[in-house]
Amino acid sequence: MPTHTHTTPVSCLDDVVVDAYLRRLGVGAAPPSVDELFRLHRAHVERMPYETFWIHLAQGWGIDPAESARRLAAGGRGGYCYQLNGALSALLATLGYSVTRHVAGVHDETGPSPKTLANHVALLVHGLPTDANPGGTWYVDTGLGDPLHEPLPLRAGAYQQGPSGLSLAPVGAAGTGHGENGPDEPVGDWHLGTDPTSSVSGVSLVTSTAVGMDAFAARHLYNATSPESGFAKVVTAQRRHATGCDIVRGCMLTRRSGAAVETTTLDSRDEWIAALADIFGLVLDVPAAAVDDLWGRVRTAQEAWSAAQAPAAQAPAVE
């Protein structure tokens, strides 16, 4: 188990919220165990969509875990990493799990960087040893959209979850992330590696120190309000399931199941709304005029993108 330089308590939820939260997950309350932790994780990524619609609808959501948990429990909406993992940490604490929050950094194909740290929050659950994981610490993450379907033991190794190949290793091991200035600048102390089918290339984890949600306040403000934020540029929803994941970006829907990948364009507002509800369990709780406005912006962006691709597609081949 990692040694934490300090512990930040995770506040519990009231019974009404817990009951509604568990109903939406489709699970009942049970004493902490590895099996129950796995069941909660699977249900969370399958039923609580990763989504950024709240940014594009100017709803101004925060990252207080109790607030996020109440919203999830009410049904129809999800959130992004700070909200999903924040809410889950509060639920787990209420159910009796020993859970801590940690600074993490999702990175792209260029690799880990100090600049990405705190763009993500990760969870560790402690005190649940098994024969395969005698230390009893588990990496829990329902805020990536993909790739995790279940928790991973905080042990070096390769792991397979459905079609997704994953790896965990201490930073400094072969293939794990150092900073931009080489091995003297490590990024975190553990690293999650993913396969090419994932929407993220990897995650740096700082497991040695537990933090409160205030550690992510500045990055959350940037994500939600800056025109340079990728979250604010393209509206997104994602849902992980046992054999793959579903992703909508703008009006493009991609469904992965095993090796099969199907991408379609959602051509009408009604088709778009139906897909959000039927596939992601996402029901936009705003006036119809706000949905119409967002759909108009999504279609305009898609048409501009398609127009930009057309000249390249029509260009003659260079001999």
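Residues numbered from 1 in each chain as written. Predicted model: local features only at pLDDT ≥ 70, side-chain atom pairs only at ≥ 80, totals over all residues. Heavy atoms only, no water.

> When you look at unusual backbone geometry in this model, what are you seeing that I'm missing?
Outside of glycine, negative phi angles account for most residues, and trans bonds account for most peptide bonds. Between D146 and the following residue, P147, the backbone shows a cis peptide bond with an omega angle of 15°. Position of P147 among the secondary structure elements: in the loop between β4 (138–140) and β5 (152–153). Despite not being glycine, A58 shows a phi value in the positive range, around 55°. Within the element layout of this structure, A58 appears in the loop between α3 (53–56) and α4 (65–74). (Helix = DSSP H or I, 4+ residues; strand = E, 2+ residues; numbered from the N terminus.)

> Looking at this structure, I do not really get the packing of helix α1 (residues 15–25) against helix α2 (residues 34–47). What am I missing?
Two packed helices can be described by the angle between their axes and the distance between those axes. Relative to each other, α1 and α2 sit at 75°, their axes nearing to 9 Å. Comparing the axis directions of α1 and α2 gives the class roughly perpendicular. The residues of α2 that touch α1, namely those facing Y21, L22, R23, R24 and L25, are L40, A43, H44 and R47. Residue composition of the contact of α1 with α2, grouped by class: 5 nonpolar, 1 polar and 3 charged. (Axes fitted to C-alpha atoms, helices over the stretch in contact; angles between N-to-C directions. Parallel < 35°, antiparallel > 145°, perpendicular 65-115°, else oblique. Contact = heavy atoms within 4.5 Å. Nonpolar A, V, L, I, M, F, W, Y, C, P; charged D, E, K, R; others polar.)

> Would you explain the side chain of S229 in this entry?
With respect to the helices, strands and loops of the structure, S229 is situated in the loop between α6 (217–225) and α7 (230–233). For S229, a relative accessible area of 1% translates into the label buried. At 2.7 Å, the side chain of S229 and the backbone oxygen of N223 are in polar contact. Discounting residues that sit within four places of it in the chain, S229 has contacts with Y222 and N223. (Buried < 20%, exposed > 50% of the residue type's maximum accessible area, 1.4 Å probe, protein only. Polar contact = N/O pair within 3.5 Å; in protein donor to acceptor, adjacent residues only side chain to side chain.)

> What exactly am I supposed to notice about the sheet that holds strand β12 (residues 236–241) here?
In a beta sheet, neighbouring strands are held together by backbone hydrogen bonds and run either parallel or antiparallel to one another. Pairing within the open sheet is antiparallel, and its 5 strands lie in the order β1-β12-β13-β14-β15. Of all strands in the sheet, those bounded by a partner on one side alone are β1 (50–51) and β15 (260–265). Pairing of β1 with β12, which is carried by 2 bridges, proceeds in the antiparallel orientation. What sits directly across from E51, in β12, is A237. Contacts from helix α8 (residues 269–280) reach β12, β13 (244–249), β14 (252–257) and β15, with the element oriented near 150° to β13. (Pairing = 2+ DSSP bridges.)

> Sorry, what's going on with the pattern of salt bridges here?
Side-chain pairs of opposite charge can arise whenever the charged atoms involved come near each other. Under the criterion given, the structure shown has 11 salt bridges. Of the charged contacts, one joins D285 and R77 as a salt bridge, the two residues approaching to 2.5 Å between their closest N and O atoms. Pair noted here: D285 is in the loop between α8 and α9 (288–314) and R77 is in the loop between α4 and α5 (81–94), with a separation of 208 residues, a long-range link. Here E303 makes a salt bridge to R299, at a shortest N to O gap of 3.9 Å. In this pair, E303 and R299 are both assigned in helix α9, 4 residues apart and thus about one turn of the helix distant. Each of E51, R77 and D285 takes part in one network of salt bridges that share partners. (Salt bridge = Lys/Arg side-chain N within 4 Å of Asp/Glu carboxyl O.)

> Help me understand the packing of aromatic side chains, please; the structure alone is not making it clear to me.
Note on aromatic pairs: each is described by the distance of the centres and the angle between the planes. Going through the model one piece at a time under the given rule, you end up with 8 aromatic pairs. On the basis of an interplanar angle of 85° and a centroid distance of 5.5 Å, the ring pair of F38 and W138 is categorised as edge-to-face. Of this pair, F38 sits in helix α2 while W138 sits in strand β4, placing them 100 residues apart in sequence. With a relative accessible area of 5%, W138 lands in the buried category. Ring centres 5.7 Å apart and planes at 40° place the aromatic pair F53 and W272 in the tilted group. Placement of F53 in helix α3 and of W272 in helix α8 is noted, with a sequence separation of 219 residues between them. Following the ring pairs from residue to residue traces out a cluster consisting of W54, W61, Y80, Y82, F216 and F231. For the cation-ring pair, R71 lies above W61, with the distance from its terminal atom to the ring centre recorded as 3.8 Å. (Phe/Tyr/Trp six-rings, centres within 6.5 Å; stacked < 30°, edge-to-face > 60°. Lys NZ or Arg CZ within 6 Å of the ring centre and 35° of its normal.)

> What is the right way to look at the nonpolar core in this model?
As a rule of thumb, nonpolar side chains are buried together in soluble globular proteins. Membership of the largest hydrophobic core comes to 48 residues, with the highest contact counts inside it found for Y21, L25, L91 and F216. Counting residues per element, the ones that place at least two in this core are α1, α2, α3, α4, α5, β2 (98–107), β3 (120–126) and β4. The element best represented in this core is α5, accounting for 9 residues. The contact partners of F216, leaving out residues within four places of it in the chain, are I63, Y82, H102, V103, A118, H120, V121 and V211. Residues L57, L253, I279 and V286 belong to the second largest nonpolar core, which totals 20 residues. (Core = buried A, V, L, I, M, F, W, Y, C linked by side-chain atoms within 4.5 Å.)

> In this structure, what is going on with the sheet that holds strand β7 (residues 164–170)? I would like to understand it.
Taken in spatial order, the 8 strands of this open sheet run β5-β4-β3-β2-β11-β10-β7-β6, and their pairing is antiparallel. Sheet topology places β5 and β6 (157–161) at the edges, where each strand pairs with a single neighbour. Examined bridge by bridge, β6 and β7 share 5 bridges and lie antiparallel to one another. In the sheet register, G157 faces β7, and the bridge partner there is L168. In this fold α5 packs onto β2, β3 and β4, with an angle of close to 20° to the strand it touches most, β3.

From the geometry alone we can't say anything about function, so treat these as descriptive.
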